[in-house]
Amino acid sequence: MPMPAEAPLNERIVREIERSEIAFATDRMTAIKERPGNPEGVEIARIGGAVCLYSRTMPWPSFNTVKGLRDEDAARLDEIAAFYRERDRNVQFEIVPGLIGPDLLKALAGRGLYPSGFHASMYGLGTGLGAAAGDSEARSRDGSGTGAMDSAGDPLRIVELGQDDFETYAAIHCRAFGLPDNGIPHVAANNRVLHARPGWTFYLAYWEGAPAAAAVMHEAEGTASFTFAATLPEFRGRGIHRRLLLHRLAAAAERGCTLAVGQCAFLSASHRNMERAGMRLGYVRTTWTKREP
(Lines give C-alpha, C1' and ligand atoms only; values in the text may rest on other atoms or scores of the structure.)
Protein backbone atom coordinates (compact mmCIF):
# COMPACT_ATOMS: atom_id res chain seq x y z
CA MET A 1 0.00 0.00 0.00
CA PRO A 2 1.31 3.49 -0.79
CA MET A 3 3.17 5.29 1.99
CA PRO A 4 4.74 8.75 1.68
CA ALA A 5 8.52 8.73 1.76
CA GLU A 6 8.59 11.33 4.52
CA ALA A 7 6.30 9.37 6.87
CA PRO A 8 7.82 8.87 10.33
CA LEU A 9 7.99 5.37 11.73
CA ASN A 10 4.64 4.33 13.17
CA GLU A 11 2.73 1.18 14.11
CA ARG A 12 1.28 0.84 10.62
CA ILE A 13 4.75 0.66 9.09
CA VAL A 14 5.92 -1.77 11.78
CA ARG A 15 2.99 -4.05 10.99
CA GLU A 16 3.74 -3.87 7.26
CA ILE A 17 7.37 -4.77 7.86
CA GLU A 18 6.36 -7.78 9.95
CA ARG A 19 3.71 -8.78 7.41
CA SER A 20 6.31 -8.81 4.65
CA GLU A 21 8.65 -10.98 6.73
CA ILE A 22 5.87 -13.48 7.42
CA ALA A 23 4.84 -13.45 3.74
CA PHE A 24 8.21 -14.37 2.29
CA ALA A 25 8.98 -16.93 5.01
CA THR A 26 5.68 -18.78 4.61
CA ASP A 27 5.82 -18.63 0.81
CA ARG A 28 9.35 -20.06 0.83
CA MET A 29 8.34 -22.84 3.22
CA THR A 30 5.21 -23.59 1.20
CA ALA A 31 7.28 -23.96 -1.98
CA ILE A 32 9.67 -26.35 -0.24
CA LYS A 33 6.72 -28.31 1.17
CA GLU A 34 5.29 -28.69 -2.34
CA ARG A 35 8.36 -30.53 -3.57
CA PRO A 36 7.34 -34.12 -4.45
CA GLY A 37 7.03 -36.11 -1.25
CA ASN A 38 7.79 -33.09 0.96
CA PRO A 39 11.37 -34.38 1.54
CA GLU A 40 12.23 -31.68 4.12
CA GLY A 41 9.18 -32.52 6.25
CA VAL A 42 7.85 -28.95 6.23
CA GLU A 43 4.76 -28.05 8.23
CA ILE A 44 3.08 -24.66 8.62
CA ALA A 45 0.54 -24.29 11.43
CA ARG A 46 -1.57 -21.27 12.29
CA ILE A 47 -2.43 -21.22 15.98
CA GLY A 48 -4.42 -18.14 16.92
CA GLY A 49 -2.71 -15.25 15.16
CA ALA A 50 0.69 -16.95 15.19
CA VAL A 51 2.36 -18.67 12.24
CA CYS A 52 4.39 -21.72 13.30
CA LEU A 53 7.07 -22.88 10.85
CA TYR A 54 8.70 -26.31 11.13
CA SER A 55 11.01 -28.55 9.11
CA ARG A 56 11.96 -32.09 10.07
CA THR A 57 15.30 -32.11 8.19
CA MET A 58 16.29 -28.45 8.52
CA PRO A 59 16.77 -27.70 12.24
CA TRP A 60 17.99 -24.13 11.76
CA PRO A 61 16.05 -21.38 13.59
CA SER A 62 14.73 -19.62 10.48
CA PHE A 63 12.90 -22.82 9.47
CA ASN A 64 11.56 -23.51 12.98
CA THR A 65 10.10 -20.39 14.49
CA VAL A 66 6.89 -18.63 15.53
CA LYS A 67 6.00 -15.34 13.86
CA GLY A 68 3.12 -12.90 14.31
CA LEU A 69 2.46 -13.52 18.01
CA ARG A 70 -0.01 -11.12 19.67
CA ASP A 71 -1.33 -10.48 23.18
CA GLU A 72 -4.53 -12.40 22.41
CA ASP A 73 -2.44 -15.52 21.76
CA ALA A 74 -1.32 -15.76 25.41
CA ALA A 75 -3.90 -18.47 26.12
CA ARG A 76 -2.46 -20.59 23.27
CA LEU A 77 1.22 -20.51 24.23
CA ASP A 78 1.05 -24.04 25.62
CA GLU A 79 -0.59 -25.27 22.40
CA ILE A 80 2.16 -23.67 20.35
CA ALA A 81 4.86 -25.16 22.58
CA ALA A 82 3.21 -28.58 22.25
CA PHE A 83 3.31 -28.32 18.44
CA TYR A 84 7.11 -28.14 18.57
CA ARG A 85 7.56 -30.54 21.48
CA GLU A 86 5.66 -33.25 19.57
CA ARG A 87 8.13 -32.78 16.72
CA ASP A 88 11.19 -32.88 18.98
CA ARG A 89 12.02 -29.24 18.37
CA ASN A 90 12.47 -26.40 20.86
CA VAL A 91 9.99 -23.58 20.45
CA GLN A 92 11.27 -20.16 19.36
CA PHE A 93 9.22 -16.95 19.28
CA GLU A 94 10.04 -13.83 17.26
CA ILE A 95 8.79 -10.77 19.14
CA VAL A 96 8.30 -7.43 17.41
CA PRO A 97 8.45 -4.37 19.71
CA GLY A 98 5.35 -2.23 19.88
CA LEU A 99 2.98 -5.04 18.87
CA ILE A 100 2.74 -6.94 22.17
CA GLY A 101 2.43 -5.92 25.82
CA PRO A 102 4.19 -6.82 29.09
CA ASP A 103 1.67 -9.49 30.08
CA LEU A 104 2.62 -11.68 27.12
CA LEU A 105 6.32 -11.17 27.84
CA LYS A 106 5.72 -12.26 31.43
CA ALA A 107 3.85 -15.31 30.14
CA LEU A 108 6.82 -16.26 27.97
CA ALA A 109 9.25 -15.80 30.85
CA GLY A 110 6.98 -17.83 33.10
CA ARG A 111 7.29 -20.76 30.71
CA GLY A 112 11.07 -20.73 30.89
CA LEU A 113 11.77 -18.67 27.79
CA TYR A 114 14.21 -15.78 27.65
CA PRO A 115 15.35 -13.17 25.05
CA SER A 116 18.31 -14.96 23.47
CA GLY A 117 19.03 -12.77 20.44
CA PHE A 118 18.20 -9.70 18.40
CA HIS A 119 17.78 -8.98 14.70
CA ALA A 120 17.27 -5.66 12.94
CA SER A 121 14.57 -5.02 10.35
CA MET A 122 15.32 -2.10 8.03
CA TYR A 123 12.92 -0.32 5.69
CA GLY A 124 12.68 2.24 2.92
CA LEU A 125 9.54 4.04 1.78
CA GLY A 126 7.92 5.47 -1.31
CA THR A 127 9.94 7.57 -3.72
CA GLY A 128 12.93 7.10 -1.45
CA LEU A 129 13.40 3.67 -3.03
CA GLY A 130 14.19 5.15 -6.41
CA ALA A 131 16.28 7.97 -4.94
CA ALA A 132 18.38 5.61 -2.83
CA ALA A 133 19.07 3.43 -5.84
CA GLY A 134 19.86 6.28 -8.21
CA ASP A 135 23.62 5.76 -7.85
CA SER A 136 25.08 5.28 -11.31
CA GLU A 137 27.00 2.28 -10.02
CA ALA A 138 23.92 0.54 -8.66
CA ARG A 139 22.91 -1.70 -11.54
CA SER A 140 24.14 -3.48 -14.61
CA ARG A 141 21.69 -2.83 -17.44
CA ASP A 142 22.89 -5.76 -19.56
CA GLY A 143 21.08 -8.93 -18.52
CA SER A 144 22.85 -11.35 -20.85
CA GLY A 145 24.22 -13.31 -17.90
CA THR A 146 27.69 -13.91 -19.30
CA GLY A 147 29.39 -12.46 -16.24
CA ALA A 148 32.06 -10.69 -18.29
CA MET A 149 33.45 -7.24 -17.50
CA ASP A 150 31.27 -4.58 -19.14
CA SER A 151 32.40 -2.10 -21.77
CA ALA A 152 32.95 0.64 -19.19
CA GLY A 153 35.53 -1.46 -17.40
CA ASP A 154 33.42 -2.11 -14.30
CA PRO A 155 34.65 -5.41 -12.80
CA LEU A 156 31.20 -6.08 -11.29
CA ARG A 157 28.29 -7.46 -13.25
CA ILE A 158 24.88 -8.32 -11.74
CA VAL A 159 22.48 -10.65 -13.55
CA GLU A 160 19.32 -12.58 -12.73
CA LEU A 161 19.69 -16.31 -12.15
CA GLY A 162 18.54 -18.73 -14.77
CA GLN A 163 17.10 -22.17 -14.07
CA ASP A 164 20.52 -23.76 -14.50
CA ASP A 165 22.37 -21.36 -12.15
CA PHE A 166 21.20 -22.71 -8.81
CA GLU A 167 24.23 -24.90 -8.16
CA THR A 168 26.35 -21.73 -8.43
CA TYR A 169 23.93 -19.88 -6.15
CA ALA A 170 23.99 -22.72 -3.62
CA ALA A 171 27.79 -22.89 -3.64
CA ILE A 172 27.96 -19.18 -2.78
CA HIS A 173 25.28 -19.62 -0.12
CA CYS A 174 27.13 -22.47 1.61
CA ARG A 175 30.70 -21.21 1.28
CA ALA A 176 29.85 -17.66 2.35
CA PHE A 177 28.50 -19.01 5.64
CA GLY A 178 31.14 -21.67 6.16
CA LEU A 179 28.81 -24.61 5.45
CA PRO A 180 30.15 -27.84 3.96
CA ASP A 181 29.90 -28.41 0.22
CA ASN A 182 27.79 -31.51 0.72
CA GLY A 183 24.92 -29.14 1.50
CA ILE A 184 25.05 -27.52 -1.94
CA PRO A 185 22.59 -29.92 -3.65
CA HIS A 186 20.04 -29.44 -0.84
CA VAL A 187 20.28 -25.63 -0.93
CA ALA A 188 20.01 -25.69 -4.73
CA ALA A 189 16.90 -27.90 -4.65
CA ASN A 190 15.14 -25.83 -1.98
CA ASN A 191 15.73 -22.59 -3.86
CA ARG A 192 15.20 -23.84 -7.41
CA VAL A 193 11.52 -24.35 -6.56
CA LEU A 194 11.27 -20.57 -6.09
CA HIS A 195 12.68 -19.70 -9.52
CA ALA A 196 9.38 -19.61 -11.41
CA ARG A 197 7.27 -18.81 -8.35
CA PRO A 198 5.56 -15.40 -8.57
CA GLY A 199 7.36 -12.66 -6.65
CA TRP A 200 10.81 -14.25 -6.38
CA THR A 201 13.96 -12.94 -8.10
CA PHE A 202 17.50 -14.28 -7.62
CA TYR A 203 20.66 -12.37 -8.52
CA LEU A 204 24.27 -13.39 -9.13
CA ALA A 205 27.14 -10.91 -8.95
CA TYR A 206 30.27 -11.64 -11.00
CA TRP A 207 33.60 -10.00 -10.29
CA GLU A 208 35.80 -9.97 -13.38
CA GLY A 209 33.81 -12.92 -14.68
CA ALA A 210 33.97 -15.03 -11.51
CA PRO A 211 30.85 -15.75 -9.39
CA ALA A 212 31.32 -13.67 -6.25
CA ALA A 213 28.00 -13.04 -4.51
CA ALA A 214 24.27 -13.72 -4.58
CA ALA A 215 21.11 -11.99 -3.41
CA VAL A 216 17.35 -12.64 -3.37
CA MET A 217 14.26 -10.42 -3.47
CA HIS A 218 10.62 -11.35 -2.77
CA GLU A 219 7.88 -9.00 -3.95
CA ALA A 220 4.26 -9.07 -2.75
CA GLU A 221 1.52 -6.46 -2.30
CA GLY A 222 3.79 -3.53 -3.12
CA THR A 223 6.55 -4.60 -0.74
CA ALA A 224 10.01 -5.84 -1.71
CA SER A 225 11.73 -8.04 0.87
CA PHE A 226 15.49 -8.51 0.57
CA THR A 227 15.53 -12.03 1.92
CA PHE A 228 19.18 -13.07 1.44
CA ALA A 229 22.58 -11.74 0.40
CA ALA A 230 26.04 -13.26 0.73
CA THR A 231 29.52 -12.65 -0.67
CA LEU A 232 32.29 -15.22 -0.90
CA PRO A 233 35.10 -14.43 1.57
CA GLU A 234 37.71 -13.83 -1.13
CA PHE A 235 35.54 -11.10 -2.73
CA ARG A 236 34.60 -9.16 0.40
CA GLY A 237 35.64 -5.55 0.94
CA ARG A 238 34.90 -4.55 -2.68
CA GLY A 239 31.44 -3.04 -2.18
CA ILE A 240 29.58 -5.94 -3.80
CA HIS A 241 27.00 -6.26 -1.00
CA ARG A 242 26.19 -2.56 -1.33
CA ARG A 243 25.84 -2.82 -5.10
CA LEU A 244 23.48 -5.80 -4.81
CA LEU A 245 21.41 -3.82 -2.31
CA LEU A 246 21.19 -0.80 -4.61
CA HIS A 247 20.38 -3.09 -7.53
CA ARG A 248 17.41 -4.54 -5.69
CA LEU A 249 16.22 -1.13 -4.48
CA ALA A 250 16.20 0.07 -8.09
CA ALA A 251 14.35 -3.06 -9.22
CA ALA A 252 11.78 -2.58 -6.44
CA ALA A 253 11.21 1.03 -7.48
CA GLU A 254 10.84 0.07 -11.15
CA ARG A 255 8.22 -2.51 -10.21
CA GLY A 256 6.18 0.03 -8.27
CA CYS A 257 6.98 -1.14 -4.75
CA THR A 258 6.35 1.47 -2.06
CA LEU A 259 8.08 -0.37 0.79
CA ALA A 260 11.41 -2.21 0.88
CA VAL A 261 12.39 -4.37 3.85
CA GLY A 262 15.67 -6.04 4.77
CA GLN A 263 16.89 -8.03 7.76
CA CYS A 264 20.38 -7.89 9.23
CA ALA A 265 22.38 -8.30 12.40
CA PHE A 266 22.25 -5.08 14.41
CA LEU A 267 25.29 -2.83 13.72
CA SER A 268 26.66 -5.31 11.16
CA ALA A 269 28.20 -4.37 7.82
CA SER A 270 24.83 -5.15 6.23
CA HIS A 271 23.15 -2.75 8.67
CA ARG A 272 25.58 0.02 7.71
CA ASN A 273 25.14 -0.63 3.99
CA MET A 274 21.37 -0.39 4.31
CA GLU A 275 21.64 2.92 6.14
CA ARG A 276 24.03 4.26 3.50
CA ALA A 277 21.46 3.29 0.87
CA GLY A 278 18.82 5.39 2.63
CA MET A 279 17.02 2.67 4.58
CA ARG A 280 16.07 3.22 8.20
CA LEU A 281 15.74 1.04 11.28
CA GLY A 282 12.18 -0.23 11.64
CA TYR A 283 12.68 -2.29 14.77
CA VAL A 284 15.00 -4.72 16.51
CA ARG A 285 13.21 -8.04 16.77
CA THR A 286 13.81 -10.19 19.86
CA THR A 287 14.13 -13.96 19.70
CA TRP A 288 12.79 -15.83 22.73
CA THR A 289 13.99 -19.40 23.29
CA LYS A 290 13.72 -22.07 25.96
CA ARG A 291 16.33 -22.05 28.73
CA GLU A 292 18.52 -25.11 28.71
CA PRO A 293 18.07 -27.35 31.79
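Small disclaimer: the values here were computed from a predicted structure and weren't measured.

About the criteria used
Residues numbered from 1 in each chain as written. Predicted model: local features only at pLDDT ≥ 70, side-chain atom pairs only at ≥ 80, totals over all residues. Heavy atoms only, no water. Helix = DSSP H or I, 4+ residues; strand = E, 2+ residues; numbered from the N terminus. Buried < 20%, exposed > 50% of the residue type's maximum accessible area, 1.4 Å probe, protein only. Areas by Shrake-Rupley, 256 points an atom, 1.4 Å probe, with all protein chains shown as cover. Salt bridge = Lys/Arg side-chain N within 4 Å of Asp/Glu carboxyl O. Phe/Tyr/Trp six-rings, centres within 6.5 Å; stacked < 30°, edge-to-face > 60°. Core = buried A, V, L, I, M, F, W, Y, C linked by side-chain atoms within 4.5 Å. Contact = heavy atoms within 4.5 Å.

1. A word on the overall build of the protein chain
Thinking step 1. Counting secondary structure elements, the protein chain contains eight helices and eleven strands.
Thinking step 2. By the burial criterion, 53% of the 293 residues in the protein chain qualify as buried.
Thinking step 3. For the protein chain, the computed accessible surface area is about 13300 Å², with 52% contributed by carbon and sulfur atoms.

2. Observations regarding the pattern of salt bridges
Working definition: two side chains of opposite charge can pair if their charged atoms are close together.
Thinking step 1. One pass over the structure, following the stated rule, counts 19 salt bridges.
Thinking step 2. Put simply, Arg 19 and Glu 16 hold a salt bridge, and the shortest N to O gap is 3.2 Å. Of this pair, Arg 19 and Glu 16 both sit in helix 1 (residues 11–33), separated by three residues, roughly a single helical turn.
Thinking step 3. Given the relative accessible area of 22%, Arg 19 is considered partly exposed.
Thinking step 4. You can call Glu 16 buried: its relative accessible area is 10%.

3. Side note on the packing of aromatic side chains
Thinking step 1. Summed over all chains, the structure comprises eight aromatic pairs.
Thinking step 2. Pairing Phe 83 with Tyr 84 gives two aromatic rings, centres 5.0 Å apart and planes at 85°, and the pair type is edge-to-face. Residues Phe 83 and Tyr 84 agree in their burial class; the two are buried.
Thinking step 3. Of the aromatic side chains, those joined through ring pairs into one cluster are Phe 166, Tyr 169, Phe 177, Phe 202 and Phe 228.

4. Some details on the nonpolar core
As a rule of thumb, nonpolar side chains are buried together in soluble globular proteins.
Thinking step 1. Among the nonpolar cores identified, the biggest contains 60 residues, and Tyr 169, Phe 202, Phe 226, Ile 240, Leu 244 and Leu 249 are the most heavily contacted of them.
Thinking step 2. If near-sequence neighbours (up to four positions away) are discounted, Tyr 169 is found in contact with Leu 161, Val 187, Asn 191, Phe 202, Leu 204, Ala 214, Val 216 and Phe 228.
Thinking step 3. Of all hydrophobic cores here, the second largest spans 20 residues; its members include Cys 52, Leu 69, Leu 77 and Phe 93.

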